[in-house]
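Next come the chains, spelled out residue by residue.
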Amino acid sequence: MAEQKKNQQPEPEQDLSQQTKVRREKLAALQAAGEDPFQQTRFPWDHTSGQIKEHFDELEGKPVKVAGRLMSKRGMGKVSFCDLQDRDGRIQLYARQDEMDEAVYKKFKKFDIGDIVGVDGEVFRTQRGEMSVRAKDITLLSKALLPLPEKFHGLQDRELRYRQRYVDLIVNPDVKQNFVIRSKFIKHVRDFLNDRGYMEVETPVLNTISGGATARPFITHHNTLDIDMYMRIATELPLKRLIVGGLDRVYEIGRIFRNEGMDPKHNPEFTSVELYQAYADFNDMMDLFEELLSSAAQKILGTYQLEWQGEQIDLTPGWPRMTMAEAVKQYVGIDFLSIDSDEAAWAAAKAAGVVLPEGKEPTWGNALYESFDQKVEEKLVQPTFITMHPVDVSPLAKRSPKDPRLTERFELFVCRSEMGNAFSELNDPIDQKQRFQKEVEARARGDSEAGMMDDDYINALEYGLPPTGGLGIGIDRCVMLLTNSDTIREVILFPTMKPLD
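As the structure is a computational prediction, the values presented were derived from the model and not from experiment.

### A look at the pattern of salt bridges
Oppositely charged side chains can pair when the atoms bearing their charge come close.
Move 1: Inspection of the entire model under this criterion finds 36 salt bridges.
Move 2: In this structure, the salt-bridge partner of Asp 431 is Arg 399, at a minimum N-O distance of 3.1 Å. In this pair, Asp 431 is assigned in helix α14 (residues 429–444) and Arg 399 in the loop between β15 (384–387) and β16 (409–414), connecting sequence segments 32 residues apart.
Move 3: When its relative accessible area of 9% is taken as the criterion, Asp 431 is described as buried.
Move 4: Judged by its relative accessible area of 32%, Arg 399 falls in the partly exposed class.
Move 5: Arg 405 serves as the salt-bridge partner of Asp 403, at 3.0 Å between the closest nitrogen and oxygen.

### Details of the packing of aromatic side chains
Move 1: Within the structure shown, the criterion is met by nine aromatic pairs.
Move 2: Judged by centre distance (5.8 Å) and plane angle (35°), the rings of Trp 319 and Phe 385 are tilted. Remark: Phe 385 occurs in strand β15 and Trp 319 occurs in the loop between β13 (311–314) and β14 (321–323); sequence separation between them is 66 residues.
Move 3: Residue class for Phe 385 comes out buried when judged on its relative accessible area of 0%.
Move 4: Three or more aromatic residues link up through ring pairs in this structure, and these residues are Phe 81, Tyr 94 and Phe 124.
Move 5: Between Lys 73 and the ring centre of Phe 108, over which it is positioned, the NZ or CZ distance is 4.9 Å.

### Some thoughts on the sheet that holds β16
Move 1: Reading across the sheet, the eight strands line up as β6-β10-β11-β18-β17-β16-β15-β14 and stay open at both edges, with mixed pairing between neighbours. Two strands in the sheet have a free side with no partner beyond their single neighbour: β6 (199–200) and β14.
Move 2: Summarising the sheet, β15 and β16 pair through four bridges and their orientation is antiparallel. Considered in β16, the bridge of Thr 387 is made with Phe 410.
Move 3: Sitting on the sheet, helix α11 (residues 324–331) touches β14 and β15, and the angle it makes with β14 is about 85°.

### What about a nonpolar patch on the surface?
Move 1: A cluster of nonpolar side chains, contributed by Leu 169, Leu 493 and Phe 494, occupies part of the molecular surface with about 280 Å² of accessible area.
Move 2: Its location among the elements puts Leu 493 in the segment after α16 (475–483).
Move 3: Judged by relative accessible area, Leu 493 falls into the partly exposed class, the value being 35%.

### Quick word on the environment of Leu 356
Move 1: Relative to the assigned elements, Leu 356 resides in the loop between α12 (342–351) and α13 (364–375).
Move 2: Sequence spacing of Leu 356 and Leu 380 is 24 residues, and the spatial spacing of their C-alpha atoms is 22 Å.
Move 3: With sequence-adjacent residues up to four places away left out, Leu 356 is seen in contact with Trp 346, Glu 361 and Pro 362.

### Points about the pairing of strand β4 (residues 116–125)
Move 1: Burial runs high along β4: seven of the 10 residues are buried.
Move 2: The pairing of strand β1 (residues 63–74) with β4 spans seven bridges and is antiparallel. Of the residues in β4, the one forming a bridge with Val 66 is Val 119.
Move 3: Relative to strand β5 (residues 131–142), β4 is paired through 10 bridges, and the arrangement is antiparallel. Counted as the bridge partner of Gly 121 is Ala 135 from β5.
Move 4: In this structure, the hairpin formed by β4 and β5 is closed by a connection of five residues, where Gly 129 is found at a positive phi of approximately 90°.

### A word on the side chain of Asn 267
Move 1: By the element assignment, Asn 267 lies in the loop between β10 (249–257) and β11 (269–278).
Move 2: Given a relative accessible area of 2%, Asn 267 falls into the buried group.
Move 3: There is a polar contact of 3.2 Å between the side chain of Asn 267 and the backbone nitrogen of Thr 496.
Move 4: Not counting the four nearest positions on each side in its chain, Asn 267 is found in contact with Glu 260, Ile 488, Ile 492, Pro 495 and Thr 496.

Rules used throughout
Counting from 1, residues in each chain are numbered in the order their sequence is written. Selection of residues for local features in this predicted model requires a pLDDT of at least 70, selection of side-chain atom pairs for listing and counting requires 80 or more, and totals for whole chains, interfaces and linings are taken over all residues. Excluding hydrogens and water, the side-chain figures rest on all heavy atoms present in the structure. A pair is scored as a salt bridge if a Lys or Arg side-chain nitrogen falls within 4 Å of a carboxyl oxygen belonging to Asp or Glu. Strands here mean DSSP runs of E at least two residues long; helices mean DSSP runs of H or I at least four residues long; both are numbered from the N terminus. For every residue, the accessible area obtained with a 1.4 Å probe (protein chains only) is divided by the maximum for its type, and the residue is called buried under 20%, exposed over 50%, and partly exposed between those limits. The aromatic pairing rule takes the rings of Phe, Tyr and Trp, using the six-membered ring of Trp, and pairs them if the centres are within 6.5 Å, calling planes under 30 degrees apart stacked, those over 60 edge-to-face and the rest tilted. Only when the NZ atom of a Lys or the CZ atom of an Arg is both within 6 Å of the ring centre and within 35 degrees of the ring normal do we say a charge sits over the ring. Any two strands with at least two DSSP-identified bridges between them are counted as paired. Residues are treated as being in contact if the distance between any of their heavy atoms lies within 4.5 Å. Fitted lines through C-alpha atoms serve as axes, helices being fitted only where they are in contact, and the angles separating the N-to-C directions of these axes extend from 0 to 180 degrees. Each patch is built from residues that are more than 30% exposed by relative accessible area and take part in no salt bridge. Like charges join if they lie within 9 Å; nonpolar side chains (Val, Leu, Ile, Met, Phe, Trp, Tyr) join within 5 Å. Methods summary: accessible areas were calculated by the Shrake-Rupley approach with a probe of 1.4 Å, and residue burial reflects only the protein chains presented. Under the rule applied, a polar contact is a pair of N or O atoms within 3.5 Å (in protein, one hydrogen donor and one hydrogen acceptor; residues adjacent in sequence only if both atoms are side-chain atoms).

See the structure below:
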């Protein structure tokens, strides 16, 4: 961080204060003359910088109106060159006193870098061959009272970039591309699911019970009802109620809130898509997830070959599928399927250096899961489905008919990161109630991430939930992959930040 601040070479504080003072004096002079830029209401632009460059041959010599932010000014006297930045990028402005109203030109000379302007002009190419707009009239639409960061280094302090994303987007054009890709990915998810007969729905953000995942919730208070409520940690339980109601394929894209730590992979609020399909199972969800993510890479980036976190990732369909027990046996050397007691399982895990988290029981299932979580996940680089998770950590997944200690569940891992989670959904209300009770008991022992008893959900299951496959995908993680971003904050426009004093 110190090195980044050093490279940024900020203006001395007194210089910034002086620049701000000068800009405010210019604003006051304009207002005194009845030319307050903040009173401008609209500017009917008709072309962007990108459109001019893309269609230059047919536009050359023709009038255009462009609008944007001045990013540079150069030249002296009666001729000026500027870079105008709009939504598509930048284009050069050419302003010449003898080709404009003299009063307009003199006002323009007093504009500052960062000011927002509207330009009436003509498309032409300079003697050096640069596609440009020859200005005939320039209108000040908004005055920038603060100077932009030093032009050669931009805004490089990461923490400041995230706190002032508006400045980051102005001075670091490449940042915008991350969010263009994010928007395209979310659109791809919607199109992909809509084309397969899924219905998009909305479910509550505020709930009287925290459920659907293993996570600590945010708690708020409803004044009228005088009750505490929980911001959702998942959309799972309401969506499965809709499957009970006969909406056979549903999905929701929305914000999830988890009161957890912050690191390069986690932000307290994030975006997920959860989808549920009646008469399907977790194998169907694996096929769907593989097709969705690989097709997104091909459609948005034009390739299956990506780079992420210094690794070359191949998203070509046909990803390997391993059970959790197989993965632990391969990478840790413990064959949990040959162990038949909690004590022996935990002893084997402990001997391998696995630590039991506080509040967790030393069961066979927890020993298997923690061995994977602590010793195997970090080794999974290429896309890999890890299947058959223990019942102990899968309170909403259907048991395996081959081994009741395991569930029909998978997680997809790419470059040591979990990208999504899916089940063959548990539809036995008696088994589900027993598992909820275990969550309640874990919560009483101090596990703040354990779930609660949801009697209404049990009631819904008693009406009958058909065999169902469910899948939850982390939108932010997928965008990190598609943009080669090393932290989730690079793909969230306004990440959670600790307040400044």
